[in-house]
Every structure is written in structure tokens, then in C-alpha cells.
Amino acid sequence: MFTAADFIPKTYSSTIENGNFEWSAPSNIALVKYWGKKDNQIPANPSVSFTLNNCKTITKLAFEKKESKDAFSFDLLFEGKPKEDFKPKIRKFLERIEEYLPFLKDYHFTIDTHNTFPHSSGIASSASGMAALAMNFMSLEKKLNPEMTDDYFYQKASFLARLGSGSACRSVKGNVVVWGNQANIEGSSDLFGVEFPYAIHENFHNYQDTILLVDKGEKQVSSTVGHDLMHNHPYAYSRFAQAHENLDKLIAIFESGNIEEFIKVVESEALTLHAMMMTSMPYFILMKPNTLQIINAIWKFRAETKTPVCFTLDAGANVHVLYPENVSKKVLQFIKNELVGFCQNGQYICDEIGEGSQLIIDN
Ligand code: PMV
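Residues numbered from 1 in each chain as written. Predicted model: local features only at pLDDT ≥ 70, side-chain atom pairs only at ≥ 80, totals over all residues. Heavy atoms only, no water.

By the naming in an unreviewed UniProt entry, the chain goes by Diphosphomevalonate decarboxylase and is assigned to Flavobacterium hydrophilum.

Within the secondary structure layout, Ser24 lies in strand 1 (residues 18-32). What makes Ser24 buried here is its relative accessible area of 4%. Aside from chain neighbours lying at most four places away, what touches Ser24 is Lys56, Thr57, Ile58, Ser357, Gln358 and Ile360. (Helix = DSSP H or I, 4+ residues; strand = E, 2+ residues; numbered from the N terminus. Buried < 20%, exposed > 50% of the residue type's maximum accessible area, 1.4 Å probe, protein only. Contact = heavy atoms within 4.5 Å.)

Before going further, it helps to examine the domain arrangement of the chain. Note on interface size: it is often stated as the accessible area lost on association of the parts. Assigned domains within the chain: domain 1 (4-199) and domain 2 (206-352). Between the C-alpha centres of domain 1 and domain 2 the distance comes to 26 Å. For the pair domain 1 and domain 2, the summed buried area comes to about 3,300 Å², and 68% of that belongs to carbon and sulfur atoms. If you sort the residues of domain 1 by the area they bury against domain 2, Leu31, Lys33 and Trp35 come out on top, with a joint share of 25%. (Domains from an automatic or database assignment. Buried area = accessible area lost by both parts, 1.4 Å probe.)

A complete count under the given rule lists zero disulfides for this structure. Left without a disulfide partner, Cys343 is nearest to the cysteine sulfur of Cys350, which lies 11 Å away. Of the residues examined, Cys343 reaches a relative accessible area of 6% and is grouped as buried. (Disulfide = S-S within 2.5 Å.)

We now examine the site of the ligand. Surrounding the ligand, one finds 13 residues, the nearest of these being Tyr34, Ser167, Arg170, Ser223 and His227. Separating an oxygen atom of the ligand from a backbone N or O atom of Tyr34 is a distance of 2.9 Å. One of the side-chain nitrogen or oxygen atoms of Ser165 is found 3.2 Å away from an oxygen atom of the ligand. Here the ligand loses 92% of its free accessible area of 380 Å² to cover by the protein chains. Per-class residue counts for the shell around the ligand are five nonpolar, five polar and three charged. Mapping the shell around the ligand onto the domain boundaries places at least three of its residues in each of domain 1 (4-199) and domain 2 (206-352). (Near = heavy atom within 4 Å. Polar contact = N/O pair within 3.5 Å; in protein donor to acceptor, adjacent residues only side chain to side chain. Areas by Shrake-Rupley, 256 points an atom, 1.4 Å probe, with all protein chains shown as cover. Nonpolar A, V, L, I, M, F, W, Y, C, P; charged D, E, K, R; others polar.)

Structural data, given as C-alpha cells:
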């Protein structure tokens, strides 16, 4: 079994003065939700997600050796312009990962980042953003240690991304990613995400996710605060046990291709996540009236047409509409006819399962 110490490098065999990389990293949507954590970003329960394809962060990292090595030095550009208010989060990330990347103070970095989805769309950019940055840092570490294996590269990238934002560790590699120890999933770890290692029925290939933007405002409650509220939560113990059970159910569902059972697990997980928020102290509601309108419309449409479409939710009001590729036409028509009216400014984003992070520039 891995421990965090396995990601502390001993020596580097090579040196590099300057260069730049560019990586894209996708967002992901959890099917079994991560909600509640222990120290050092260790999840209280395992989770599994679909990696998205179109909602991505693209980050370029330019680096140049500097004289003094006593502090971090970096510039941050968002959509080509300096963005001072993102810097504290990045600095905190650098502090957390320095132990594992001891070269970070040797360089001045220019981090140039943008998202493919609209800013403040209510889609969290922390998962894709932290994953894209972690990939870039791993590319630099690989220059210093060219013998590094691909397995180590991706595991450590996910390990580092997790230290930036828990769910970011599921945005590194693979279509379906598990994060957190689960007895029946070989190789699963609390320290990093792994590609789901068993059979996935073709019903789930190219699964579609249309994200309905119900409320694009700032999150009322940060996920850090939300996770914390699971400490001493009256239902924490049974919730964490339920996540393990649901993940086991999904192993069988992925193999059999049983979409009816998939829908039950996925919708129940989404509602449970929100139920945990409603039953914590302090309590809060992140759904909006239109979130409920959409859920009811999906249930009605599913009952009437027998189309296997379902929803999931993040820690917010937006709705992810999930469905197999072979019903896309019908579902998109339904979304246009009946759901777009519940979206802020009629906005929605069409996405589907994707592969994970991708290297764009390696100089
Ligand atoms: O990665 P965080 O700390 O922003 O937490 C994300 C939590 C949920 O999105 C609500 C669920 C999940 O597993 O992605």
C-alpha cells in the first residue's frame, strides 16, 4: 500500500534551467459523492466520477531558475490578465505540495490559465484548475527525473491535485475514476484517484452530461465549510457506510449495463448529498426552486417516455442531466422544450465522458 512518503523524491538525476508546459485538465462529475474529509484531504468515504470532456481548464506553466531559493515566486494570469485574488489559493497549494516537489522554490513560475466554460457559471473550476497545475508540475519533475514511470507520474499528479482540491484527484486520467479505499476495488486509495479497474458495459460508453446552469452566482457555502460540517454530523456514520454500499452496487451496474439501477444509485446520491447539507448545523439549502422544477420534469418525462435519463447535483443549484448516447436526440429535444426555461439566461453546456488530462505543449 502507498503512503504519502512514497511521493517524496530522494534525488534528481537531471537539471533544467527554463522551459514551459501546457496541460488541459477536465472537470468531473461524481456519481457517488465525496462529502466529509479527515486531515490532509483524506476523504471520509470513497467516491467515483465520470470524467468530463468539454469543461476544462487549460494551464500553461513557464518556469525559470532563480537566484534566491528562500520563497515561492510566481505570477498568475487568468484569461491573459494578472489575477491577484487567485494567488493566495495557489500559494497555499504550493505550501502543501512543497514537501513532495522540493524544487518549487528554485524557479520563478508564470501560470497562465483559462477555462473552456464560462467564468462564474457555477461550475467549480477548482477540480480542473488544480489538476491542470499538478500535471504541469509533474512534467517539470519528470524533466528532473527522466526515469520516472508513467504510473508514478499519474499517481503523483493525482496525489498532488488532491492536496489542492479533493475532487481534483479524479480529473487526472481515465473515463471513470475512483478515489478512496474500497475493499472490493483493487488499487483504490485515499491518496489518489485510480481508473475504475473493472469492466464497463457499452451502455455507459460516451455517456452524456448536459449541465443546466440554474444559478451562476457565487457559492453560498464553500466546499471546505461543507466538508467540515460532516464532523459531528448526526448522520455521518450511516452516510459514509452508504457511500461504500453504493460504490459496490456501481461495480455490478457498470458490468451489467443496468441503467435502471444506475439511475437509482445516482439520483439517491445527489439527494443524499443535499440532505446532508440540510441536516448539518448550521444547515443550508443549495438547491433553488428551478432545481426542483427540473428534477420533477425529468421524473415526469422518464415515467411518460421510459427514456433512461436522470440527474445528479454538485454542491450547488445546477443540474447535471445524465443519459446514454443513443437517446441524445430525444433528451436534447426535451431539454430544449422543457428545461431551458429553468436555466439562468437559458444557458446549458453539453458535455460527455472524456479521457482526462492532456499535454498540449512540452518545451
Ligand atoms: O473537491 P471539493 O473539496 O470541492 O469537494 C467536492 C464535493 C462535491 O463536488 C460536492 C462532490 C464530489 O465528490 O465531487
